[in-house]
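Take a look at the letters that make up each chain.
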Amino acid sequence: MTPVLQARNIRKTFTHPTALDVLKGVDLDVYPGEAIAILGRSGEGKSTLLQILGTLDTPTSGEVHILGKQVGPQLAGLIRNQHIGFIFQSYHLLEDYTVLENVLMPAWIARQTPPSAHGPALLEKVGLTERAHHYGKQLSGGEKQRAAIARALCNDPQILFADEPSGNLDGATAQGIQDLLFQCVQAGKSLIVVTHDLNLARKCHKQYTLKQGLLHLGLD
Amino acid sequence: MSIISLVSILVIALVVWLLVVFFSVTTGLEKVWVDKLVAVTSPIRVQPTDAYYRSYYFQIDALSTASDYTAKSIGEKVETATSDPYQDDFDEELPTFLPAADRLADGTLRDPVKDAFKIFQTLPEIARAVPYEVAISTLKLRLLRHLNNPFDETQSFITQAIYVTNFDEGNERFQKSFLPIRGSDLKNQLEMLTLNHDAIQEDTPGQLLRADQATLSKAWKAFFENTKILALQTPLRGWRPPKTFDNSKLPGDIKLKATLETSSLETAHEAQELRFKVEWKGQQEEIALGPLLIGSFEAKRQPLAESGIYLPRGYQEAGVLMGDRGYLAYYSPTASTLQEQRAPIVVEGFYDPGIFPMGGKLVVASPDLTNQIRAAAPLEESGLLNGINLSLHHIGDADNVKVQLQQAFEEAGIAPYWKIETYKEFDFSKDLIQQLQSEKHIFGLISAVIIIVACSNIISMLILLVNDKKLEIGILRSIGASAFSIASIFGIAGIVMGMLGSAMGSLLAYITLENLHPLLDFISRVQGYAAFNPMFYGGGSLPNQLSWNVLFFVWGATALLSLIAGIVPAIKASQVRPSAILRSE
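Numbering of residues begins from 1 in every chain and follows the order in which that chain's sequence is written. Chains and ligands are labelled by the order in which they are written, letters from A for the one and numbers from 1 for the other. Only residues with pLDDT of 70 or above have their local features reported here, since the model is predicted, and side-chain atom pairs are shown and tallied only from 80 upward, although totals for entire chains, interfaces and linings are computed over all residues. The side-chain numbers reported here are obtained from all heavy atoms of the structure, hydrogens and water having been left aside.

Draft legend 1. Layout of the interface of chain B and chain A. Any two residues whose heavy atoms approach within 4.5 Å are treated as being in contact. Facing 16 residues of chain B, the contacting portion of chain A comprises 20 residues. Of the charged contacts, one joins Asp-57 of chain A and Arg-577 of chain B as a salt bridge, the two residues approaching to 3.5 Å between their closest N and O atoms. Polar contacts, as used here, are pairs of N or O atoms within 3.5 Å; protein pairs need one atom able to donate a hydrogen and one able to accept it. Residues neighboring in sequence count only if both atoms are side-chain atoms. Our count for the contact surface shared by chain B and chain A stands at two residue pairs in polar contact (both at pLDDT 80 or more). Helical segments are the DSSP runs of H or I of at least four residues, strand segments are the runs of E of at least two, and each set is numbered from the N terminus. Elements supplying a minimum of two residues to the side of chain B that touches chain A: helix H14 (470–478) and helix H18 (578–584) of chain B. For the side of chain B that touches chain A, the element with the highest residue contribution is H14 of chain B, accounting for six residues. Three classes are used, and their members are as follows: Ala, Val, Leu, Ile, Met, Phe, Trp, Tyr, Cys and Pro are nonpolar, Asp, Glu, Lys and Arg are charged, and the others, Gly among them, are polar. Residue composition of the side of chain B that touches chain A, by class: seven nonpolar, three polar and six charged. Any Lys or Arg side-chain nitrogen located within 4 Å of an Asp or Glu carboxyl oxygen qualifies as a salt bridge.

Written as structure tokens, this is what we have:
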């Protein structure tokens, strides 16, 4: 089976204020329908790795291939819009837009016509039909994260990236969000999740630990 | 942030308003001034050069019997049948100082005047080509007032050195500069018709001579054939209403519908004895004109008589009226001395010369009278005062037509004989036009700086906006928005702000110009004196037409500058790294 994501010898060095090698040669393969968890102590570079894999950041050296294409500055925007969905710990909704508008924003960026066709279905999937016309700032934390998941699914991406998706939520709400993510995995999407939550990590097919700039398979 | 945006837009609106109003008014003023200048002269003048006056072609007339030993003006050269009037077998031998004749290959004399007129006909931009003459003279006007009242009767004189130029009946632009005829003009004309002006050229005209009744009746009938008095106006004092009007106490400044009693044209000796049927509140009465004023009328302007002249506006303001008589004095050299000649004249109207310095001294007379005065002096001594006026369909073609003429004259071999000048180069107007142009350029430069400053406000505002919206930019980048599309948002925001300010400013300018006169009246009332002197600015009032050229320029400049102003923040926005923003959040 061909991996949907391949990372080879990813290195990242921050030069300011002092030189710091955060990633020292990370290799990773992620296959369709596979969920992997990346764990590690705070400051180890988990989020940096996630952003490099998700094309939001560029490595100092190394290559990332998504769906067989090498990621470069020309393709990054298109890949993020068409093949990747992001879910952040802080949700990152556009507060001045309604839930429906937030969810459909990737479709608008892709200039799909009509962009609103599958909006209600996405909201129904995450249980936010009633909140479609509420503004981001009017939602609770759990609802915001559900809206963020719906937005991530808007253009039907193959890979979902989640950075501490339930980190700011209470237990029950966090469980609901995790269930939603794994429903996506069951539907064939790949999931790469950065987390401190061992329970969430154990639900994934593979667990990696980032330690001293290198990725190790298994829980530390 | 929205307050800063609003302020940026308002600043641009204010600047656009200022520029559009200022340039619309100054462009309008320039058009009025130029229109008046070319009305009295023409957009292009073609004048003979020294080479023309030294040429065989010009000098041969003074040496030929067929030309009556008199040099010809350009108008006469156009009319004459033969270019070379000299006859070998009849005229005396030519003097040695006379230059060789400029002959064509076939031996005929080159005719610079006729050749020039042929070229004029080939250019469709030229509407008319008319020879003009300007003569120098002294105008003496005798102003007789209150002839009907021996106690109030006054006589005064105006004497001024003037230029006389010939009237061109076909010059529609000049006819548009005529000042309207006033009731007082008509009444003065009626009064002047009662006098015999045969002695007007005398140094001190003695007792007033009356015209005989037959001549007077004939003159009045001719006058009323072209003039219809519709209403008489009561003066503030000095008039007693008829008894039948007793019950209606008539105040001054009341207009009474009036019809001329034509029978009175045969019997009246004085203008005040002319009788009219008047109506007041349904009552009719026949009354004498007396001290009543002419309230409303229909008067057709008559073709200029041989002794008729049109005076510039300044004379009207000095109290001269249509119908006033006088003479033009000029000097004619004889063998031993200069002899003063006097040609009688009558004022037939007034025109607005605009603000050009020479305008106040330029008297427009009939072509015959102008020619008579100009012919008294040797033509070569008044060389620059003779030439050809070219009227164009569009004044804006002047520069282009000049170039075409210059080329055609060179090809025809007559270029050395002519100097072609557009209205921008006339000696008496170029300083003013250049001053106006340079003022416009300077203000244009200042305006450009003001627009740049106003638009640069957009840069600060948008940079603040980029900083404020970094998270949103990061979110949009994370869901696939390209750096270019993010940059476009801020670039477009810059243009939209610029154009919005531009549109608001233009609308304000339009409203201001539409209400310019009430606005100036208000300012004048507030400050207690006239905000702008309309007489100085060339006519009845300040021009208030929106200048589309200015509007397009300001829109274009604002759009361009606001686009440039939007680029800096747009680049900054496109360089926002989503990883840094989303991580920190």
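Picking up after the structure, the text goes on.
Draft legend 2. Inspection of the pairing of strand S9 (residues 283–288) of chain B at higher detail. All names here are of chain B. At least two DSSP bridges between two strands are needed for those strands to be called paired. The sheet contact formed by strand S8 (residues 275–280) and S9 spans six bridges and is antiparallel. Directly across from Phe-276, in S9, lies its bridge partner Ile-287. The antiparallel hairpin formed by S8 and S9 contains two residues in its connecting segment, where Lys-281 sits at a positive phi of about 50 degrees.

Draft legend 3. Summary view of the pattern of salt bridges. All names here are of chain B. Per the counting criterion, the structure on display carries 30 salt bridges over all chains. Two residues, Glu-261 and Lys-277, come together in a salt bridge whose shortest N-O distance is 3.8 Å. Taken together, the positions of Glu-261 in the loop between strand S7 (255–260) and helix H9 (264–267) and Lys-277 in strand S8 put the pair 16 residues apart, joining distant regions of the chain. A residue is classified by how much of its surface remains accessible, and Glu-261, at 18% relative accessible area, is buried. Overall, Lys-277 belongs to the partly exposed group, its relative accessible area being 40%. Type-normalised accessible area, obtained with a 1.4 Å probe on protein chains alone, sets the label of each residue: buried when under 20%, exposed when over 50%, and partly exposed for intermediate values.

Draft legend 4. Molecular detail of unusual backbone geometry. Residues and elements named next belong to chain A. For the bond from His-16 to Pro-17, the omega torsion is 0 degrees, close enough to zero to count as cis. If you check the backbone angles, Thr-55 has positive phi at about 70 degrees while not being a glycine. In this fold, Thr-55 is placed in the loop between helix H1 (46–53) and strand S4 (61–66). With relative accessibility at 6%, the residue Thr-55 sits in the buried group. Even without being a glycine, Asp-156 presents a positive backbone phi close to 50 degrees. Within the fold, Asp-156 resides in the loop between helix H5 (141–153) and strand S7 (159–163).

Draft legend 5. Region of interest: the nonpolar core. Only buried Ala, Val, Leu, Ile, Met, Phe, Trp, Tyr and Cys residues count toward a nonpolar core, and they belong to the same one when joined by side-chain atoms within 4.5 Å. Core analysis: the largest hydrophobic core is formed by 77 residues, its most contacted members being Leu-5, Phe-161 and Ile-192 of chain A together with Phe-490 of chain B. The element best represented in this core is helix H1 (residues 2–40) of chain B, accounting for eleven residues. Other than its neighbours up to four places away in sequence, Phe-490 of chain B contacts Leu-462, Leu-465, Val-466, Ile-473, Gly-566, Ala-570 and Ala-573 of chain B. If you look at the next biggest cluster of nonpolar residues, it comprises 51 residues, including Val-164, Trp-239, Ala-258 and Leu-369 of chain B.

Draft legend 6. Highlighting helix H6 (residues 171–186) of chain A. Residue and element names in this part refer to chain A. Here the expected span of a helix is defined as 1.5 Å times the quantity of residues minus one. With 16 residues, H6 extends 22 Å between its outermost C-alpha atoms, agreeing within 8% with the 22 Å of an ideal straight helix rising 1.5 Å per residue. Listed as buried for H6 are Ala-174, Gly-176, Ile-177, Gln-178, Leu-180, Leu-181, Phe-182, Cys-184 and Val-185. Downstream of H6 by one or two residues, Gly-188 has phi in the positive range, about 110 degrees.

Draft legend 7. Quick look at the packing of H14 of chain B against helix H15 (residues 483–514) of chain B. All names here are of chain B. Here H14 crosses H15 at 145 degrees, and the two axes come no closer than 10 Å. The chirality of how H14 crosses H15 is right-handed. Listed contacts from H15 to Ile-473, Leu-476 and Arg-477 of H14 are Ala-483, Ile-486 and Phe-490. Residues that form the contact of H14 with H15 fall into these classes: five nonpolar, no polar and one charged. Helix axes are fitted to C-alpha atoms over the stretch in contact, other axes to C-alpha atoms as well, and angles between N-to-C directions run from 0 to 180 degrees. Crossings are sorted by hand: turned counterclockwise from the far helix by less than a right angle, the near helix makes the crossing left-handed, and turned clockwise it makes it right-handed.

Draft legend 8. Just the sheet that holds strand S6 (residues 84–87) of chain A, in detail. Residue and element names in this part refer to chain A. Read from one edge of the open sheet, six strands run S6-S7-S8-S3-S9-S10, paired in mixed fashion. Two strands close off the open sheet at either side, each with one partner strand: S6 and strand S10 (214–217). For this sheet the average axis-to-axis angle between neighbouring strands, irrespective of direction, equals 20 degrees. By the bridge criterion, four bridges tie strand S3 (residues 35–39) to strand S8 (residues 190–194) in an arrangement that is parallel. Residue pairing for S8: Ile-36 is matched across the bridge by Ile-192. H1 rests against S3, S7, S8, strand S9 (206–211) and S10 of the sheet, and its axis sits at about 155 degrees to S7. Strands S3, S6, S7 and S8 of the sheet are contacted by H6, whose axis makes an angle of about 145 degrees with S8.

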